[in-house]
Amino acid sequence: MIDNEQVEYKLLLEAIHLKYGYDFRGYASGSLERRVRALLSKFRLNDFSELMQRLLKEPDFFRTILPHMTVGTSEMFRDPHFYKSMRAEIIPALRTFASLNVWVAGCSTGQEAYSLAIMLHEEGLLDRTVIFATDVNPAALKAAREGIFAADTIQLYTRNYVESGGAKTFSDYYTADYGYARMASYLKDNMVFSEHNLGTDGVFSEMNLVMCRNVLIYFDKDLQNRVLNLFRESLRFRGYLCLGSKENLRFSNQAYAFETIDARNKIYQKLSGNL
Ligand SMILES: C[S@@+](CC[C@H](N)C(=O)[O-])C[C@H]1O[C@@H](n2cnc3c(N)ncnc32)[C@H](O)[C@@H]1O
């Protein structure tokens, strides 16, 4: 029999969904529950019911805790071998289009979108591309829009950039400023940042490429299938889908609609326009 604490936890997620429209019910339970539990001690609350009462009464409190409900870890050129593979497997096909739409879903604070913009710039494709960078967390999107990263991350980002096959020098793309690195503004000229909830919102259509890396890992199987269906519907014929290194399309109910281009780097291509 389910214990009372689990009942309270489930009611809390239900309440957030009903009151604020954010649906965390399909998140993999262990990791989300740990994050919610950490909120209890952070805000000196006794149990999930107390947290629920406070959330229901104080919309501002919900906005405060929302960023803590998800994991926003990101890096520029994260998994450099993935970007290397992208250059080899995807870029040549993208070159054949006069205009390109790319969706970076779950972009967090923007590192992935800027990495992509740098690569497209080096390949001469940035001017013809619109990058839709979306996330459920408004605070992360605000940081993404600003494109300012802590200086102590730059060493790692530079190493990743070099390993990913970067054609220039990473410092060409930012200006250093009092402990921060500000990304060159032309990189975001064609970026559109917007709030989008993969659990509840609809498709962005006619994408040449959808990147959604290190997001599905936090979802349960049903939510993963919903989101993969969304991506299939958003992609044009022969469009590409890129997932994170620990994520896999193979065991989902959308596997039939995609061909594997690079199994290690989780790059897939949609097989047909009307599946
Ligand atoms: C670990 S970060 C991944 C960031 C980036 N894609 C990367 O791989 O470096 C996961 C992101 O997914 C976002 N996320 C979680 N649930 C989401 C949802 N339902 N809809 C959209 N984004 C979501 C989080 O806010 C977070 O920014």
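Quick caveat, the model's predicted, so the values are computed rather than measured.

## Considerations on the sheet that holds strand β8 (residues 235-243)
- Strand order in the open sheet made by the seven strands is β6-β2-β1-β7-β8-β10-β9, with mixed pairing throughout. Lying at the two open borders of the sheet, with one neighbouring strand each, are β6 (191-195) and β9 (258-262). For this sheet, the mean inter-axis angle between neighbouring strands, taken without regard to orientation, is 20°.
- Direction of pairing for strand β1 (residues 100-105) relative to strand β7 (residues 207-212): parallel, over a ladder of three bridges. Residue pairing across strands places V104 opposite M211, the latter belonging to β7.

## Quick look at the site of the ligand
- Around the ligand, the structure places 24 residues, and the nearest of them are S74, G106, S108, L198 and N214.
- Across the shell around the ligand, the residue classes tally to seven nonpolar, twelve polar and five charged.

## Notes on the sheet that holds strand β5 (residues 180-183)
- A sheet is described by the order of its strands in space; here three strands give the open sequence β3-β5-β4, paired in antiparallel fashion. Edge positions in the sheet fall to β3 (148-150) and β4 (174-177), since each of these pairs with one other strand and no more. In this sheet, adjacent strand axes meet at a mean angle of 30° when their direction is disregarded.

## With respect to the domain arrangement of the chain
- As assigned here, the chain comprises domain 1 (4-69) and domain 2 (80-270).
- For domain 1 and domain 2, the distance between their C-alpha centres works out to 29 Å.
- Listed per partner, the contact involves nine residues of domain 1 and eleven residues of domain 2.
- Looking at the side of domain 1 that touches domain 2 residue by residue, the class counts come to five nonpolar, three polar and one charged.

## With respect to helix α5 (residues 80-89)
- Residues of α5 that are buried: F82, Y83, S85 and M86. With its buried residues spanning 160° around the axis, α5 presents them on a single face.
- If you follow the buried residues of α5, they end up packed against α6 (91-94), α7 (111-122), β9 and β10 (267-270).

## Regarding unusual backbone geometry
- Within the chain, F77 stands out as a residue other than glycine whose phi angle is a positive 50°.
- Relative to the helices and strands, F77 resides in the loop between α4 (59-69) and α5.
- We classify F77 as buried; it has 28 C-beta atoms within 10 Å.
- Although it is not a glycine, K266 sits at a positive phi angle of roughly 55°.

## Here's the deal with the nonpolar core
- Counting 68 residues, the largest nonpolar core has V104, A113 and V210 as its most contacted members.
- Formed jointly, this core draws a minimum of three residues from each of two domains, domain 1 (4-69) and domain 2 (80-270).
- When sequence neighbours within four positions are dropped, the list of residues in contact with V104 reads E112, A113, L116, I131, F132, A133 and M211.

## Some details on the pairing of β5
- Because side chains alternate across β5, one face comprises the buried residues A181 and M183, and the other comprises Y180 and R182, none of which is buried.
- In this structure, β4 lies alongside β5, joined through four bridges in antiparallel fashion. Directly across from D177, in β5, lies its bridge partner Y180.
- As consecutive antiparallel partners, β4 and β5 are separated by two residues, and within that stretch Y178 has a phi angle of approximately 40°, a positive value.

Criteria and cut-off values
- Residues numbered from 1 in each chain as written.
- Predicted model: local features only at pLDDT ≥ 70, side-chain atom pairs only at ≥ 80, totals over all residues.
- Pairing = 2+ DSSP bridges.
- Helix = DSSP H or I, 4+ residues; strand = E, 2+ residues; numbered from the N terminus.
- Axes fitted to C-alpha atoms, helices over the stretch in contact; angles between N-to-C directions.
- Near = placed C-beta within 6 Å.
- Nonpolar A, V, L, I, M, F, W, Y, C, P; charged D, E, K, R; others polar.
- Domains from an automatic or database assignment.
- Contact = placed C-beta atoms within 7 Å.
- Buried ≥ 20, exposed ≤ 12 C-beta atoms within 10 Å, placed from the backbone.
- Arc of directions from axis to C-beta.
- Core = buried A, V, L, I, M, F, W, Y, C linked by C-beta atoms within 7 Å.

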